[in-house]
Amino acid sequence: MKTLNALLGAVAALSLFAVSANAQTYPERSITMVVPFSAGGPTDTVARLVAESMSKDLGQQIIVENVGGAGGTLGAGRVAQADPDGYTVLLHHIGMATSATLYRKLAYDTLNSFEYVGLVTEVPMTIVARKDLEPTDLKGLVDYVKANKDTVTVANAGIGAASHLCGMMFMSAIETQLTTVPYKGTGPAMTDLLGGQVDIMCDQTTNTTKQIQGGTIKAYAVTSPQRLKVFPDLPTTTEAGLPNLQVGIWHGIYAPKGTPAEVTERLSKSLQVALKDPNVVARFGELGTEPSSDVDATPAALKAKLESEIARWKPVIEAAGQYAD
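Each value, and the rule that gives it
Residues numbered from 1 in each chain as written. Predicted model: local features only at pLDDT ≥ 70, side-chain atom pairs only at ≥ 80, totals over all residues. Heavy atoms only, no water. Disulfide = S-S within 2.5 Å. Helix = DSSP H or I, 4+ residues; strand = E, 2+ residues; numbered from the N terminus. Buried < 20%, exposed > 50% of the residue type's maximum accessible area, 1.4 Å probe, protein only. Core = buried A, V, L, I, M, F, W, Y, C linked by side-chain atoms within 4.5 Å. Contact = heavy atoms within 4.5 Å.

Looking at the state of the cysteines
Here's step 1: Following the criterion strictly, the structure yields one disulfide and no others.
Here's step 2: Each disulfide pairs two cysteine sulfurs, and for Cys166 the partner residue is Cys202, the sulfurs being separated by 1.8 Å. Of this pair, Cys166 sits in helix α6 (residues 162-174) while Cys202 is found in strand β7 (residues 200-204), placing the two residues 36 residues apart along the sequence.
Here's step 3: Accessibility expressed as a relative area gives 0% for Cys166, which makes it buried.
Here's step 4: Judged by its relative accessible area of 4%, Cys202 falls in the buried class.

What to know about helix α4 (residues 95-102)
Here's step 1: The buried count for α4 comes to seven of eight residues, which makes it a mostly enclosed element.
Here's step 2: Of all the positions in α4, only Gly95, Met96, Ala97, Thr98, Ser99, Thr101 and Leu102 are classed as buried.

Structural notes on the nonpolar core
Here's step 1: By size, the foremost hydrophobic cluster in this structure holds 49 residues, and its most contacted members are Leu141 and Tyr254.
Here's step 2: Tallying contributions element by element places α6 first for this core, with eight residues.
Here's step 3: Not counting the four nearest positions on each side in its chain, Tyr254 is found in contact with Val89, Leu90, His92, Met96, Phe114, Glu115, Tyr116, Val117, Leu302 and Leu306.
Here's step 4: Membership of the second largest hydrophobic core comes to 29 residues, among which are Ile31, Val46, Ala255 and Ala274.

Observations regarding the environment of Leu228
Here's step 1: Looking at where Leu228 falls in the secondary structure, it is placed in the loop between β8 (217-222) and β9 (248-256).
Here's step 2: Leu228 gets classed as buried once you look at its relative accessible area, which sits at 11%.
Here's step 3: Here the alpha-carbon distance between Leu228 and Ile159, two residues 69 residues apart in the chain, equals 27 Å.
Here's step 4: What Leu228 contacts, discounting residues up to four positions off in sequence, is Pro124, Thr205, Val222 and Gly288.

Focus on unusual backbone geometry
Here's step 1: With an omega of -5°, the peptide bond running from Tyr26 to Pro27 counts as cis.
Here's step 2: Its location among the elements puts Pro27 in the loop between α1 (2-25) and β1 (31-35).
Here's step 3: Look at Ala70: it is not a glycine, yet its phi comes out positive at around 55°.
Here's step 4: Along the chain, Ala70 falls in the loop between β2 (62-66) and α3 (73-80).
Here's step 5: Phi is positive for Glu175, which is not a glycine, with a value near 55°.
Here's step 6: Mapping Glu175 onto the fold places it in the loop between α6 and β6 (179-182).
Here's step 7: For Glu175, a relative accessible area of 73% puts it in the exposed group.

Remarks on the side chain of Thr98
Here's step 1: Mapped onto the fold, Thr98 is located in helix α4.
Here's step 2: Every residue in contact with Thr98, bar those within four places of it in the chain, is listed here: Leu165, Trp313 and Ile317.

Function cannot be inferred from these measures alone, as they are strictly geometric.
Here you go:
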């Protein structure tokens, strides 16, 4: 028995040594960063900027793979089932929190199927409309949609998408239910808004900034506590009369459960380096957002954020009665 115990102890020690050694040499090959939405969308834009900079710091390429579908849960599910070796990670937005309620049956446990790397950024939302919509300010828009609630349409990129969540918050804030038009991605939704086929959309600045600046859509407000440098003349929802409509679409990086702490820590440190990259800072600024701080780009901060956001969104989704399954 003593011999067996000694042998088992030796095996365990060797296993720990192997894990430690692998963590110290990590990464030795390219890393796949899964984005659970289509290429060209706002979350994809954030992922590619961060991946490029992290690749330089890690000395290995981070390849962005788009695995869209089911409000981001397909991509998240793939990462949850991946080998916990640090070579498959997930960059997801606020949908990581809302999916815990939106989907009553998930193939993974939102809180417990992942290790945490850190927060990347929190992107403000903009309330926008087709450029020929009559109202000129947010108060006028609210009055208009209430008077025409049976005909006004609100576009979104699908159930669970940032635009869907913000649209629910908008309707909750004005206490008026409108006809929602879901699309298979942000691109098609924006195309129809540009073409005048739909009336309103609430989406991330990473998707709306260029269109607002180009005058191809009409902007009414930003959902951040303060005005944005990129839109100094655009009021906040609080200034414009909707103080209950404050929402930011935060993004975080996750790894499969069981990924060694040394590996997630290395990824977190690399993320912190990337978020100070002048190119990332400048590009984020152009898109109306800012990189997370070193304090937020950590496993502990991301875990705390996810827990608090699940609690925040659960009653909103349940009150709306809109589920994805």
